[in-house]
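Listed below, chain by chain, are the residues.
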Amino acid sequence: ERKAALAAATGPGATADGHTVPLLANIGGPADVPAALEAGAEGVGLFRTEFLFLDDNKNAPSEEKQIEAYRQVLEAFPEGRVVVRVLDAGADKPLDFLTPGDEPNPALGVRGLRTLLDHPEVLRTQLTALAKAAEGLPVHLEVMAPMVADRIDARAFADACREAGLAAKFGAMVEIPSAALRARSILQEVEFLSLGTNDLAQYTFAADRQVGAVSRLQDPWQPALLDLVASSAEAARAEGKSCGVCGEAASDPLLACVLTGLGVTSLSMGAASLPYVRSALAKHTLAQCERAAAAARAADTADEARRAAQAVLSGE
Ligand code: PEP
Ligand code: MG
């Protein structure tokens, strides 16, 4: 039993009946790589590249500086998957030289991909640096855009990736309800989806993620959020493409089982959560996860959804 527990604590993510769910790490830069490797991450599901832009609030980092940082991360996962998110500036991550300072509602303004489409040279440099950093490496590089609202956004990002000569899969983050509702249309332009449940909750419930007073609405167990996860995952399945989760939701072991039951194909989280999620998944079959997911979606509140999923998974 100890042996099985140990294997489950280090092996690839899978349910008790062998349905694989790659477990990936969220990182903010090369400094986070050792912890991810130690926790047995099968790759990186969200590389937040904002850190590179924090040193200098007047200029974007040079192509050379970016190549160096990307290369360090890509080399650490020789055969693995590394999903890099292009710069997500604005709202909770403002950058002086890119973010308009006079917006009444920065979270609803020019942020994420919108910022990059207004500053195409910043996006171009980032994509070119990624293409060069990946040259000659066997890594499976994937690149995704934050805050994709619709098919026009997805196409603009895909075009920019093609123009930069990027030999990578490109994808869209689903962080805005419109993207979840029309996921199939977005998938006509990109090769994968990744659910950013932190922002998706913020925009679904009109509840600022930085305002503690509305934190009840930020709970990723909210059935409305689970519905949007389910419809995104279904759209990806119908298109034969993948749909991961890289928001905080993936780091809750019970919710990770529910997300798997909703059809999500990979889970990405802070390294510290990986062993807990891995062992929770290993205890339940895919069918059990699907039943827990159905029970959670049938609930009316986040607390009821949590209890309903718990009852299904502990009662069997
Ligand atoms: C998210 O919004 O869920 C996400 C993963 O991105 P960030 O937390 O960096 O906005
Ligand atoms: Mg986000």
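Rules used in this analysis
- Residues numbered from 1 in each chain as written.
- Chains lettered and ligands numbered in written order.
- Predicted model: local features only at pLDDT ≥ 70, side-chain atom pairs only at ≥ 80, totals over all residues.
- Near = placed C-beta within 6 Å.
- Helix = DSSP H or I, 4+ residues; strand = E, 2+ residues; numbered from the N terminus.
- Nonpolar A, V, L, I, M, F, W, Y, C, P; charged D, E, K, R; others polar.
- UniProt positions renumbered as here; feature names shortened; annotations may be inferred.
- Buried ≥ 20, exposed ≤ 12 C-beta atoms within 10 Å, placed from the backbone.

(A) Summary view of the site of ligand 1. Taken together, Leu-46, Arg-48, Asp-88, Glu-175, Gly-196, Thr-197, Asn-198, Asp-199, Cys-246 and Gly-247 make up all the residues around ligand 1. Of all the secondary structure elements, the ones that give two or more residues to the shell around ligand 1 are β2 (43-48) and α9 (197-204). When residues in the shell around ligand 1 are grouped by element, the largest group, three residues, is from α9. Here the residues of the shell around ligand 1 are counted per class, giving two nonpolar, four polar and four charged.

(B) Geometry of the UniProt feature "binding site: Mg(2+)" (unreviewed entry) in the protein chain. Feature annotation in UniProt assigns "binding site: Mg(2+)" (unreviewed entry) to the following positions: Glu-175 and Asp-199. Despite a sequence span of 25 residues, these residues sit close together in the fold, their greatest C-alpha distance being 5.1 Å. By secondary structure assignment, the location of Glu-175 is in the loop between β5 (169-174) and α7 (177-181). Under the C-beta neighbour-count criterion, Glu-175 is labelled buried, with 28 such atoms within 10 Å. Topologically, Asp-199 is positioned in helix α9. The class of Asp-199 is buried, set by 23 C-beta atoms lying within 10 Å.

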